[in-house]
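Chain and residue survey
One-letter residues, chain by chain:
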Amino acid sequence: MKKLTTKRFLQTLSEMFPDAHCELNHRNAFELTIAVLLSAQCTDKKVNQVTERLFEKYKTPEDYLAVSLEELQEDIKQIGLYKNKAKHIQELCRMLLEQYNGEIPDKHEELVKLPGVGRKTANVIVSTWFGVPALAVDTHVERIAKRLGFCEETDTPLQVEKTLMKKIPKAEWTNSHHRLIFFGRYHCKAQNPQCAVCPLQDACPAFQRGLKKTKKTAIN
DNA sequence: CTCCCGATAT
DNA sequence: ATATCAGGAG
């Protein structure tokens, strides 16, 4: 099997998903932060369904602090992990008002101090909203990097991020991040990967190992 | 490492 | 019935 070069990988992704972008609906940095925080272990589609109502009711940090924790929990319950997320949102809003003049900071090191905001979420915020090159590694990016052999199977998300940043030019980090998400979400899916129609099949280590469970084989 | 957790796809 | 979903905190 021939080695999959970074160049071919990036070229293929750009052809498959030229318009890859952030699919979490938002109108400002504050809404983006809430949306990304809510998106942990949940689909973007469900987050958008909930935030459509949520962002009409809550427009400022003060709004989230004006209701009880229980009321906020009910408003985001469909997302899952709602007790932690509701608590994080209110504590995040309190910190924004007390330490950041009510505004979302534009620095990664400040963002990760916010409750419910870890490295991945901070990377999404700085790259998507503030235009700072970053490569957020979520469940999709990690899965793709490992299937295609860009990193070790046992690597942590941080190790995957460092490896990808070395292989991909800085100017392409944010684009590549979104294309990796689309590739993982719509093509190289966790449960039903489209190996049969994959342009990278010939150079995919996972496919060689027998990943191709795209169809049930007939019983002989 | 475990826990958080409802909705959806398979 | 089980796996997975734009993870983070303790």
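Residues numbered from 1 in each chain as written. Chains lettered and ligands numbered in written order. Predicted model: local features only at pLDDT ≥ 70, side-chain atom pairs only at ≥ 80, totals over all residues. Heavy atoms only, no water.

The next thing to look at is the nonpolar core. Judged by nonpolar contacts, the single largest core of 38 residues is most densely connected at L54, Y64 and L72. Listed by contribution, the elements that provide at least two residues to this core are α2 (29-38), α3 (44-57), α5 (69-76), α6 (82-99) and α8 (119-128). With 8 residues, α2 is the largest single contributor of residues to this core. If sequence neighbours within four positions are ignored, Y64 has contacts with F30, I34, L54, F55, Y58, L72, I89, Q90 and C93. Within the second largest apolar cluster, 31 residues are counted, among which are L4, V137, C151 and I168. (Core = buried A, V, L, I, M, F, W, Y, C linked by side-chain atoms within 4.5 Å. Buried < 20%, exposed > 50% of the residue type's maximum accessible area, 1.4 Å probe, protein only. Helix = DSSP H or I, 4+ residues; strand = E, 2+ residues; numbered from the N terminus. Contact = heavy atoms within 4.5 Å.)

On to the protein's contact with DNA strand B. Every residue near DNA strand B is listed here: Q41, K46, K77, Q78, G80, L81, Y82, K83, N84 and Q191. For DNA strand B, the backbone portion of the atoms within 4 Å of the protein, that is sugar and phosphate, comes to 71%. Residue K46 places a side-chain N or O atom 3.3 Å away from a sugar or linking oxygen belonging to DNA strand B. One of the backbone nitrogen or oxygen atoms of K83 is found 2.4 Å away from a phosphate oxygen of DNA strand B. At 3 residues, α6 tops the list of elements feeding residues into the surface near DNA strand B. Looking at the surface near DNA strand B residue by residue, the class counts come to 2 nonpolar, 5 polar and 3 charged. (Near = heavy atom within 4 Å. Polar contact = N/O pair within 3.5 Å; in protein donor to acceptor, adjacent residues only side chain to side chain. Nonpolar A, V, L, I, M, F, W, Y, C, P; charged D, E, K, R; others polar.)

As a structural note, the neighbourhood of DNA strand C is formed by 30 residues, with D44, T121, H140, R143 and H177 the closest of them. Counting only the atoms of DNA strand C that lie within 4 Å of the protein, the sugar and phosphate share comes to 67%. H140 places a side-chain nitrogen or oxygen 2.6 Å from a phosphate oxygen of DNA strand C. Separating a base nitrogen of DNA strand C from a side-chain N or O atom of H177 is a distance of 2.7 Å. When residues of the surface near DNA strand C are traced back to their parent elements, those giving at least two are α8, α9 (139-147) and α11 (173-187).

Across the 10 residues that make up α2, a large majority, 10, are buried. Along its buried surface, α2 packs onto α3, α4 (61-65), α5, α6 and α8. Sitting at the amino-terminal end of α2 is N28, which places a side-chain oxygen 3.1 Å from the backbone nitrogen of F30.

Before going further, it helps to spend a moment on the UniProt feature "binding site: [4Fe-4S] cluster" (unreviewed entry) in chain A. UniProt marks C188, C195, C198 and C204 with the feature "binding site: [4Fe-4S] cluster" (unreviewed entry), using the numbering shown here. A compact arrangement is adopted by the annotated residues: their sequence extent is 17 residues, whereas the largest C-alpha distance between any two is 11.1 Å. Of the residues examined, C188 reaches a relative accessible area of 10% and is grouped as buried. When you line up the elements, C198 lands in the loop between α11 and α12 (205-208). The exposure class assigned to C198 is buried, which follows from its relative accessible area of 19%. Not counting the four nearest positions on each side in its chain, C198 is found in contact with F183 and H187. (UniProt positions renumbered as here; feature names shortened; annotations may be inferred.)

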